[in-house]
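Listed below are the residues making up each chain.
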Amino acid sequence: MKDYIPGMAFCMDDYARSAAPVRTDDLDFTAFGTRPLSAAGLRCLRYMCDVENHTVCYLRDLLVTPSHTDPEVTAFLTMWNYEEYWHGEALADVLAAHGAGRGDDHIREIRRAQGWRDRVAPIKQALLAQAIGEDFVAVHMTWGAINEWCTHAGYARLIEREGHPVLTEMLERIMRQETRHVAFYVGQARARLAASRRARRLTRFALRRYWRPVGSGVMAPDETRHLLSYLLAGRGGERTAASIDARIDRLPGLEGLGLIGRATGGLTDAAGSPTRLVPDADADADAA
Ligand SMILES: [Fe+2]
Ligand SMILES: [Fe+2]
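Rules of the game
- Residues numbered from 1 in each chain as written.
- Chains lettered and ligands numbered in written order.
- Predicted model: local features only at pLDDT ≥ 70, side-chain atom pairs only at ≥ 80, totals over all residues.
- Heavy atoms only, no water.
- Helix = DSSP H or I, 4+ residues; strand = E, 2+ residues; numbered from the N terminus.
- Buried < 20%, exposed > 50% of the residue type's maximum accessible area, 1.4 Å probe, protein only.
- Contact = heavy atoms within 4.5 Å.
- Areas by Shrake-Rupley, 256 points an atom, 1.4 Å probe, with all protein chains shown as cover.
- Lys, Arg positive; Asp, Glu negative; His and termini not counted.
- Charge placed at Lys NZ, Arg CZ, Asp CG, Glu CD.
- Donors = N, O, S within 2.8 Å, 3.2 Å for Na, K, Ca; no water.
- Core = buried A, V, L, I, M, F, W, Y, C linked by side-chain atoms within 4.5 Å.
- Expected span 1.5 Å × (residues − 1).
- Arc of directions from axis to C-beta.
- Salt bridge = Lys/Arg side-chain N within 4 Å of Asp/Glu carboxyl O.
- Phe/Tyr/Trp six-rings, centres within 6.5 Å; stacked < 30°, edge-to-face > 60°.
- Patch = residues over 30% accessible without salt bridge, like charges linked within 9 Å, V, L, I, M, F, W, Y side chains within 5 Å.

The name recorded for the protein in an unreviewed UniProt entry is Ferritin-like domain-containing protein, from Actinoallomurus bryophytorum.

Q: Which parts of the structure should I look at to understand the overall build of the protein?
A: Per the secondary structure count, the protein includes 14 helices and zero strands. Going residue by residue from the N terminus, the α and β elements of the protein occur as α-α-α-α-α-α-α-α-α-α-α-α-α-α. Taking the principal axes of its C-alpha atoms as reference, the protein extends roughly 55 × 45 × 45 Å. A buried classification covers 50% of the 288 residues belonging to the protein. Long-range contacts, defined as pairs at least 24 residues apart, comprise 83% of the intrachain contacts of the protein with a sequence gap of at least 6. As presented, the protein carries roughly 13,900 Å² of accessible surface, and 54% of it is formed by carbon and sulfur atoms. The centroid of the 36 positive side-chain charges in the protein is displaced by 5 Å from the centroid of its 38 negative side-chain charges.

Q: What is the right way to look at the coordination of the iron ion (ligand 2) in this model?
A: When a metal holds four donors in a tetrahedron, each ideal angle between them is 109.5 degrees; when it holds six in an octahedron, the ideal angles are 90 or 180 degrees. Taken together, Glu84 (OE), Glu148 (OE), Glu148 (OE), Glu178 (OE) and His181 (ND1) make up the protein donors of the iron ion (ligand 2), found 1.9 to 2.5 Å from the metal. Distance-wise, the iron ion (ligand 1) is placed 3.8 Å from the iron ion (ligand 2), both being coordinated by Glu84. In this pair, Glu178 and His181 both sit in helix α9 (residues 165–195), three residues apart, roughly one turn of the helix.

Q: How should the nonpolar core be read in this particular structure?
A: Side chains that are nonpolar tend, in soluble globular proteins, to be buried together. Counting 71 residues, the largest nonpolar core has Leu91, Ile146, Leu158, Met170, Leu171, Ile248 and Ile260 as its most contacted members. Other than its neighbours up to four places away in sequence, Leu91 contacts Leu45, Met48, Cys49, Glu52, Tyr155, Met170, Leu171 and Ile174.

Q: Looking at this structure, I do not really get the coordination of the iron ion (ligand 1). What am I missing?
A: Distances from the iron ion (ligand 1) to its protein donors, Glu52 (OE), Glu52 (OE), Glu84 (OE), His87 (ND1) and Glu178 (OE), fall at 1.9 to 2.4 Å. One chain supplies every donor for the iron ion (ligand 1), spaced along it as E-x31-E-x2-H-x90-E.

Q: What's the story with helix α12 (residues 234–249) in this structure? I'm lost.
A: One turn of an α-helix holds 3.6 residues; hence residues three or four places apart share an orientation. With 16 residues, α12 ought to run about 22 Å at 1.5 Å a step, and its terminal C-alpha atoms sit 22 Å apart, in line with that. For α12, the complete set of buried residues consists of Gly234, Gly237, Thr240, Ala241, Ile244, Asp245, Arg247 and Ile248. Buried residues in α12, looked at end-on, bunch into an arc of 155°, giving them a common side. Residues of α12 that are exposed and angled more than 90 degrees away from the buried face: Arg235 and Arg239. Here the buried face of α12 lies against α8 (135–162), α11 (221–232) and α13 (259–264).

Q: I tried to follow the pattern of salt bridges on my own but got confused; where do I start?
A: A side chain with one charge may pair with a side chain of the opposite charge, provided their charged atoms come close. All told, the structure shown has 15 salt bridges when counted by the stated rule. Note that Asp61 is salt-bridged to Arg60, the shortest N-O span being 2.8 Å. Judged by its relative accessible area of 15%, Asp61 is buried. Arg173 is paired through a salt bridge with Glu169; the nearest N and O atoms lie 2.8 Å apart. With Arg173 and Glu169 both in helix α9 and four residues apart, the pair spans about one turn of that helix. The class for Arg173 is buried, based on a relative accessible area of 16%. We classify Glu169 as partly exposed; its relative accessible area is 29%. Each of Asp26, Glu169 and Arg173 takes part in a single network of salt bridges with overlapping partners.

Q: Help me understand the packing of aromatic side chains in this model?
A: Aromatic ring pairs are reported here in terms of the distance separating the ring centres and the angle at which the planes meet. The tally for this structure, following the rule as stated, stands at twelve aromatic pairs. Between Phe76 and Trp80, the aromatic rings sit 6.5 Å apart at their centres with planes inclined by 25°, giving stacked as the arrangement. One end of the pair is Phe76 and the other is Trp80, both in helix α5 (residues 71–97) and four residues apart, which spans about a single turn. Residue class for Phe76 comes out buried when judged on its relative accessible area of 0%. Seen from their ring centres, Phe76 and Phe184 are 4.0 Å apart, and the 10° between their planes marks the pair as stacked. Taken as a pair, Phe76 in helix α5 and Phe184 in helix α9 lie far apart in primary sequence, 108 residues in all.

Q: So what exactly am I meant to see when it comes to a nonpolar patch on the surface here?
A: Among the surface-exposed residues, Trp116, Val120, Ile123 and Leu127 lie close enough to one another that they form a single nonpolar patch of about 450 Å² accessible area. As for its placement among the helices and strands, Ile123 is situated in helix α7 (residues 115–132). Given the relative accessible area of 52%, Ile123 is considered exposed.

Spelled out as structure tokens, the structure:
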């Protein structure tokens, strides 16, 4: 996985003008008929599809916060949501090629299944975020950076594990768009964290206390466990997890959190190799 941070430039105007649905019309989806994905890979793809389709719901919860007052942030979120919508559609096409298509009824069912906590989430988030003020935007941008890193890494690992030429081509196209999402979030997070000690403290606290793997708030625990085991357990996965943690370490004030290592610690891959448990840096510091 490449490192996106050094020399990474992001131009909002260029991004807004070039944001587009990921292209899939030139891909031969019938190839999945003769060479389908593995059952484990397909299960990961279902997870990814559901989570991409949930982006607009995450956006709902973010537009009630101080993030909506920054025009650059809202311009980005507009295009980001548009591209993520098409990622969900592209993944759904691969599922459909396996006879596992899921339409609007499935999406509606997932949203309805979130229950009353989801109904009040925007109210809670609005009150909390308004009480925090401008520094909430740093938390949002950092959260976004970490989740985009994880998403990009997840697609890269799925490519490695499945080795399917059509899936590879499609996911590489999606990953090129995810790279631009990373660029925006990381640039914003770095600048906002560097500018405010309070933002650094709040962000560190929020991540350590509340961050969970992408999609785990929406998907069943077994599905999240499967995704993490298939993509981030074992030797190759452990390396990927460590590289994401190393990137988080380089954001101002966030060194040593070990979020991904702790989320994947103790999981085993198909060969039964356990993933190393990463100690909680803040817990160690508290105990010292
Ligand atoms: Fe995406
Ligand atoms: Fe993204």
